[in-house]
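Observations on the three-dimensional arrangement
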Amino acid sequence: MSEHKFIYTVSGVHLPGRTKTMKKLITLLGISSIIGFSFLLAGSVSAQTTHRPGFKEILPLKVEPFADNNGQIPPKSQYPGPFFKLNHAWPQRPLPPLQNPPWQVAIHGQTINTENASAYADALRTYVSKNAKELIMNYDSWDANKARWYNEPWLGSLREAIHGTYPAGEFGPSIFPGTGLRATFDTHVLTYYDERAAYSLYKLWGASAMKPNIQTANSQFDEGAVIVKAAVFASVDPKQPTDWWDAMKGAQAWPLYISLSSESSAQPQVWTGYVAQFDIIVKDSKSSPKTGWVFMTLVYDSSAPGDAWDKMIPLGAQWGNDPQAIKPGQALVENWINPKAPKYSTQTLGWGGRLSGPNDGARNDIAVSGKVEKNEPDSSCMSCHSTAQWDVKQHKMVSFLLPSFPQNDPRKATPGFQLCGNDGKPSSKGPNICSPQQASPEWMKWFQNRLGTQPMDAGSIAMDFDEVFSFKSLPMWWYAMNSKNAPMLFESPGHSMRFNQYTGAPIPDSSGK
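What counts, and at which threshold
Residues numbered from 1 in each chain as written. Predicted model: local features only at pLDDT ≥ 70, side-chain atom pairs only at ≥ 80, totals over all residues. Heavy atoms only, no water. Helix = DSSP H or I, 4+ residues; strand = E, 2+ residues; numbered from the N terminus. Buried < 20%, exposed > 50% of the residue type's maximum accessible area, 1.4 Å probe, protein only. Contact = heavy atoms within 4.5 Å. Areas by Shrake-Rupley, 256 points an atom, 1.4 Å probe, with all protein chains shown as cover. Core = buried A, V, L, I, M, F, W, Y, C linked by side-chain atoms within 4.5 Å. Pairing = 2+ DSSP bridges. Salt bridge = Lys/Arg side-chain N within 4 Å of Asp/Glu carboxyl O. Bend = angle between axes of the 7 residues up to and from the residue. Polar contact = N/O pair within 3.5 Å; in protein donor to acceptor, adjacent residues only side chain to side chain. pLDDT = per-residue confidence, 0-100. Axes fitted to C-alpha atoms, helices over the stretch in contact; angles between N-to-C directions. Left-handed = near helix turned anticlockwise from the far one by under 90°. Nonpolar A, V, L, I, M, F, W, Y, C, P; charged D, E, K, R; others polar. Phe/Tyr/Trp six-rings, centres within 6.5 Å; stacked < 30°, edge-to-face > 60°. Lys NZ or Arg CZ within 6 Å of the ring centre and 35° of its normal. Disulfide = S-S within 2.5 Å.

Examining the overall build of the chain
Summing up its helical and strand segments, the chain has ten helices and 17 strands in all. Evaluated residue by residue, the chain yields a buried proportion of 61% over its 513 residues. For the chain, restricting intrachain contacts to residue pairs at least 6 apart in sequence, the fraction spanning at least 24 positions comes to 72%. Accessible surface, the chain as shown: approximately 19800 Å² in total, 52% of it carbon and sulfur.

Below, the structure written as structure tokens:
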């Protein structure tokens, strides 16, 4: 492969002066198993947005797995502070086993259950608090290398320059009724791996990240590995850049360098977002023997005492998919939801009340047996992450993140699953997921308890619940290295984005109209 190639970015940048060849190429490209990822490049690349994609320019760029950002840097007059620096100095040897991890001590070495999950969650939150608080509230002094928190490769073209966040979802007032939400907002996320977790980045990617060694053993995380993810919410209404949601009063503000417009002349700008969600997951086969993991979500609660970090309280925890709970109202035994969680955060819980935060996209417009169901719970944190796998022959995820029927025809303008129209019938331009019937065997494929060594689909390599591996960085690596063969179909220039970049699901009309 030559050192440089002509690469254009998508999902939120603009491309004036597109040639007929480029228009044809855009039409022919298929979407593969990931929505909204761009070509991975160092140097000057075009900015990304979450909700209004376009195209900007074609540039000869060097493929770079460790790019810090998308190349758009705000002038000092707009932002004089520090920029995100990708930390890829991953440990090259395993760390010693973690002795008496505090989350296990908190539940006296027992398995986690709905009675002790609150104590477990508090201990896990405390474990990351020093670094999390520094990151969120004292960014000017944040040092990821000193904290020994690390990042994944191949996402540089998606990252805005200030905090290194990349686009996720879009939500509107109709999804959060009665909470004082006055604007549609985008979400942007940033993931860090602690030192023990980052060793698995090295096992899979090696030092260069150019030739991943995709084997089950390399994708597995060591016991005690912790991964965190911050989610930042930002209004897309230029008339309401701040103070657009009562639920975010007093939340930590983060400046993001993003674009809000689909106009070809639009430039990114420094825009305010609020740190509203903070996910923590830990590899803990002792406490959670059926899956090997415990997922926890913190959400911002304006009524809680203390500073902006103190106000990040548990929404809940999940350590299994509760496959026995198939009817509404059945008790969940592998999920705990905090009864004190703020109202807005409980409006996006997943199927049967399973854990899912406001950023997580566990409610979607689906079509079941010809009938469209709006904002229907169809996922959860763990059911989504249990799809983490990679087919090394097809170079993709075989099953989509959410319950659906596969669509493998590259001639169809679909993201790897069948889309249905508002009449409930399959349509390549439909706004709904063609979904199996709830609780059917096809649906329950997404709600089984599997260990991280077990792929959802035979023939795939299990990625130990890490969707960044399977849904983001591996597809982006494969495309960057094999762009002539990797199918992708992005949105047409000048049209609103159809798919959530975080879950890949169609974006509904979040205005409520």
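Looking at the nonpolar core
Side chains that are nonpolar tend, in soluble globular proteins, to be buried together. Among the nonpolar cores identified, the biggest contains 107 residues, and Trp149, Tyr192, Trp205, Trp245, Met248, Phe278 and Ile280 are the most heavily contacted of them. Broken down by element, this core gets its largest block of residues, nine residues, from helix H3 (residues 117–137). Discounting residues that sit within four places of it in the chain, Trp205 has contacts with Trp90, Pro153, Trp154, Met210, Lys211, Pro212, Phe469, Ser473, Leu474 and Trp477. Val368, Leu402, Trp446 and Phe471 belong to the second largest nonpolar core, which has 19 residues in total.

What to know about the sheet that holds strand E13 (residues 371–377)
Judged by pairing direction, the sheet is mixed, and its four strands sit side by side in the order E13-E12-E16-E15 without closing on themselves. Of all the strands in the sheet, just E13 and strand E15 (419–420) have a single pairing partner and so form its edges. Two elements, strand E12 (residues 363–368) and strand E16 (residues 432–434), share two bridges in a ladder whose sense is parallel. Its bridge partner being in E16, Ala367 is matched across the sheet by Cys434.

What about the environment of Pro82?
Tracing the backbone shows Pro82 in the loop between strand E2 (58–62) and helix H2 (102–106). Expressed as a C-alpha distance, the spacing of Pro82 and Tyr139, which sit 57 residues apart in the sequence, is 7.8 Å. The residues touching Pro82, leaving out its near neighbours within four places in the chain, are Tyr139, Asp140 and Ile162.

Quick look at the pattern of salt bridges
Applying the stated rule across the entire model yields ten salt bridges. For Lys133, the salt bridge is made with Asp307, and the minimal N-O distance between the two is 2.7 Å. Residue Lys133 is located in helix H3, and its partner Asp307 is located in the loop between strand E9 (293–300) and strand E10 (312–318); the two are separated by 174 residues in the primary sequence. Of the charged contacts in the structure, one is a salt bridge between Glu195 and Arg148, with a shortest N-O distance of 3.5 Å. Linking Glu195 in helix H5 (residues 195–205) with Arg148 in the loop between helix H4 (144–147) and strand E3 (149–150), this pair joins segments that are 47 residues apart in sequence. Here Glu195 falls in the partly exposed class, since its relative accessible area comes to 22%.

Notes on H3
The largest bend in H3 comes to about 60 degrees, at Ser129. All of the buried residues along H3 are Ala117, Tyr120, Ala121, Ala123, Leu124, Arg125, Val128, Ser129, Ala132, Leu135 and Ile136.

Overview of the side chain of Asn116
Relative to the elements of secondary structure, Asn116 occurs in the loop between H2 and H3. Among the polar contacts made by the side chain of Asn116, one reaches the main-chain amide nitrogen of Asn113 at a distance of 2.8 Å. Setting aside residues no more than four positions away along its own chain, Asn116 makes contact with Ile107 and Thr111.

What about the confidence of the model for the chain?
Looking at the chain as a whole, its pLDDT mean stands at 85, while 82% of the residues score no less than 70. Below pLDDT 50 for its whole length, residues 1–61 participates in 216 contacts with residues either more than four positions away or in separate chains. Here residues 485–496 is modelled with pLDDT under 50, and outside its nearest four sequence neighbours on either side it reaches 34 contacts, counting other chains as well.

Structural notes on the pairing of strand E4 (residues 166–171)
Within E4, six of the six residues are buried, which leaves it mostly tucked inside the rest of the structure. Both E4 and strand E5 (residues 185–194) contribute to a ladder of four bridges, which runs antiparallel. Within E5, the position partnered with Pro167 by the bridge is His188.

Looking at the packing of H5 against helix H10 (residues 467–481)
Two quantities define a packed helix pair, namely the angle between the axes and the distance from one axis to the other. The geometry of H5 relative to H10 is characterised by a closest axis approach of 13 Å and an angle of 35 degrees between their N-to-C directions. Pair H5 / H10 crosses with right-handed handedness. Contact residues: H5 offers Ser200, Leu201, Leu204 and Trp205, while H10 offers Phe469, Ser473, Leu474 and Trp477. Tallied by class, residues from the contact of H5 with H10 come to six nonpolar, two polar and no charged.

Focus: the packing of aromatic side chains
Applying the stated criterion across every chain yields a total of 28 aromatic pairs. Pairing Phe171 with Phe176 gives two aromatic rings, centres 6.5 Å apart and planes at 75 degrees, and the pair type is edge-to-face. Judged by relative accessible area, Phe176 falls into the buried class, the value being 1%. Between the aromatic rings of Phe221 and Phe469, the centroid separation amounts to 5.8 Å while the plane-to-plane angle is 15 degrees, which identifies the pairing as stacked. Taken together, the positions of Phe221 in the loop between helix H6 (216–219) and strand E6 (226–235) and Phe469 in helix H10 put the pair 248 residues apart, joining distant regions of the chain. Taken individually, Phe221 and Phe469 each receive the classification buried, so the pair is uniform in this respect. Taken together, Phe171, Phe176, Phe185, Phe233, Trp244, Trp245, Tyr274 and Tyr344 form an aromatic cluster joined through their ring pairs. Seen from the ring of Trp446, Lys445 lies directly overhead, with NZ or CZ sitting 5.5 Å from the centre.

A look at the side chain of Ser345
Assignment of secondary structure puts Ser345 in helix H7 (residues 343–346). A relative accessible area of 0% places Ser345 in the buried class. Only 2.7 Å separates the side chain of Ser345 from the backbone oxygen of Pro342, close enough to count as a polar contact. Setting aside its immediate chain neighbours within four residues, Ser345 contacts Val299, Leu315, Ser356 and Pro358.

Topic: the state of the cysteines
Tallied over the full model, the rule gives one disulfide. Each disulfide pairs two cysteine sulfurs, and for Cys420 the partner residue is Cys434, the sulfurs being separated by 2.0 Å. Sign of the S-S torsion, about 115 degrees for the bond between Cys420 and Cys434, identifies this disulfide as right-handed. Taken as a pair, Cys420 in strand E15 and Cys434 in strand E16 lie far apart in primary sequence, 14 residues in all. For Cys420, a relative accessible area of 3% puts it in the buried group. Left without a disulfide partner, Cys381 is nearest to the cysteine sulfur of Cys384, which lies 8.3 Å away.

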